[in-house]
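# A look at the structure
For reference, the chains in residue letters:
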Amino acid sequence: MKKFYDREKEITLLKDLQRQSFNDYSRFVVLTGRRRVGKTSLVYRLMQETENEAPGLYFFVGRKTEGMLVASFVEEVQQKLGEFIPGSVRTFRELFQLLMEIAKRRKFTLFIDEFQEFDNINSGIFSDIQELWDKYKKQTNVYMIVSGSIFRMMEKIFKDEEQPLFGRDDCTIKLQPFSTRVMSEILRDHKPNYTPDDLLALWTITGGVARYIELLMNNGCTDVGKMVRYVCSSGDSYFVDEGKKILIQEFGKNYGTYFSILGQIARGDVTQRELEASLGMDSLGGQLKILEERYGIIRKKRPIEAKGSSQTVRYEIVDNFFRFWFRYMQRYSALIELQNMQALEQIILDDYPTFSGLALERWFRQKWMESGRYKQIGNWWVTKEKARKLTNNKGNADDFEIDIVAVTLNDEVEAYEVKRNADKFRMSRLEEKVAVMQNTVFKNKSVTCLCASMADMEVERG
């Protein structure tokens, strides 16, 4: 069995719920998370570790007719449970009812993968499951886990009060990408003498998504040059179409405007005004709200300590891989169409020091959030107009931004300038910016000024 990384908390929770299912009555778990993050592998691991206690069934909902799907599910039931299923069973409702009858006398785990695809096959299946689950739940011992990667659909199925399965799940688990600690562990296993730049490249390109890391590690791509070469290996490289495949499923046929917005954010337009100017559109407020609240693909950033009503707002793409994909694959799609992958590779490598600088800032924010030492982490900036007023038009009024401002659990304030190369850090400049910040926030507090560089990527503060 290949090494399985992390997910201790999720496995423990899933086992607890399984124990309740087998000792008490049936439980229903919903597992969500972006594609490639490792949902299927997680449940497989659970079923492997508990196969001596009870068998596990795996139903993958592909885009087939209901009859073809049910035929494949029947084979799985016969193979894993050894139960006879009549040939007359042709619908999912019939099969699910039989399974619930079996669960009156046997314990087993039922994992239904890409559950939302039932909507494309027969949307009535959701009502069938709801009816039969309500009828049999307290009489049976089945542990049912359903997973789905299309966030919009899974939210609708389980969170919309008008949908039949609303409120039926006992627990919802959203699987996140790997932590910074686990990414370090994975890279160390494949390259014991890796450098900080190797780790930063892995984070910049994959954002901790399990499948992307697996592909790079399995192909010996442990430094930035090899990673970029693999990503650009051909016009049909796994990475080239990945962003489009995932997001078109989320957005549907009206994806064009959303792609344009995300492409501009990845290129550096981060305020609504900048986006509207670049795209030549009058108002993008509605689209930005949908991208943030419905899909969770972007998020607002406000200066630390700013009120929620503050209009000083920037947008950023949450997922590192999507940042990477829109910055290069979407932007330079013409090169990909021409199969000029060598040119794309060179563009990425030339731009990498700049692009990875922001990824390094995100690395530290993520790492320090994971540390549990802080109660608040963000950054701080003022508009150019305000900066000029605060400095009386003196000094570098256009650059009053602090990369990371963090408040510890003990109310100590730390201000960080993030640099790939610590030699480029100027303490006097950071202190100047902190002094301006203290005109508006943290007025009566001492602020510690620090530099965070690539050399600090795995160093714990405090």
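Data block above holds the structure.
Below you will find a few notes about this structure.

The rules behind the values
- Residues numbered from 1 in each chain as written.
- Predicted model: local features only at pLDDT ≥ 70, side-chain atom pairs only at ≥ 80, totals over all residues.
- Heavy atoms only, no water.
- Helix = DSSP H or I, 4+ residues; strand = E, 2+ residues; numbered from the N terminus.
- Buried < 20%, exposed > 50% of the residue type's maximum accessible area, 1.4 Å probe, protein only.
- Phe/Tyr/Trp six-rings, centres within 6.5 Å; stacked < 30°, edge-to-face > 60°.
- Lys NZ or Arg CZ within 6 Å of the ring centre and 35° of its normal.
- Contact = heavy atoms within 4.5 Å.
- Polar contact = N/O pair within 3.5 Å; in protein donor to acceptor, adjacent residues only side chain to side chain.
- Expected span 1.5 Å × (residues − 1).

### A word on the environment of A71
Structurally, A71 can be placed in helix α3 (residues 66–81). Judged by relative accessible area, A71 falls into the partly exposed class, the value being 42%. Note: C-alpha distance between A71 and G87 (16 residues apart in sequence) is 9.1 Å.

### Considering the packing of aromatic side chains
Scanning the model with the defined rule gives 34 aromatic pairs in all. Plain terms: the ring middles of F115 and F118 are 5.6 Å apart, the flat faces sit at 85 degrees to each other, and that makes the pair edge-to-face. Under the relative-accessibility criterion, F118 is labelled buried at 1%. Ring geometry for Y328 versus F355: centroids 5.4 Å apart, planes at 75 degrees, classification edge-to-face. One end of the pair, Y328, is in helix α16 (residues 320–330); the other, F355, is in helix α18 (residues 341–371), with 27 residues separating them in the sequence. Under the relative-accessibility criterion, Y328 is labelled buried at 1%. By way of ring pairs, the aromatic residues F28, F59, F73, F92, F96, F115, F118, F126, W133 and F158 are connected into one cluster. Its end group placed over the ring of Y25, K138 keeps NZ or CZ at 4.9 Å from the ring centre. Taking the ring centre of Y238 as reference, the NZ or CZ of R211 above it sits at 5.7 Å.

### Regarding the environment of E114
Relative to the assigned elements, E114 resides in the loop between β3 (108–113) and α5 (118–121). In this structure E114 comes out as buried when scored by relative accessible area, which is 10%. Contacts of E114, omitting those with residues within four sequence positions, involve R35, F60, V61, S147, G148 and S149. A polar contact is formed between the side chain of E114 and the side chain of Q116, at a distance of 2.7 Å.

### Examining unusual backbone geometry
Here the phi dihedral of R36 falls at roughly 75 degrees; this positive angle occurs in a residue that is not glycine. Within the element layout of this structure, R36 appears in the loop between β1 (27–32) and α2 (39–49). Residue classification places R36 among the partly exposed residues on the basis of a relative accessible area of 31%. Phi at D411 is positive, roughly 70 degrees, even though this residue is not glycine. Relative to the assigned elements, D411 resides in the loop between β9 (401–408) and β10 (413–419). We classify D411 as partly exposed; its relative accessible area is 37%.

### Some remarks on helix α13 (residues 255–267)
The terminal C-alpha atoms of α13, which comprises 13 residues, lie 18 Å apart, in line with the 18 Å expected from a rise of 1.5 Å per residue. Against the buried residues of α13 lie α12 (242–251), α14 (272–279), α15 (285–294), β6 (298–301), β7 (314–317) and α16. The first or second residue beyond α13 is G268, which carries a positive phi of 120 degrees.

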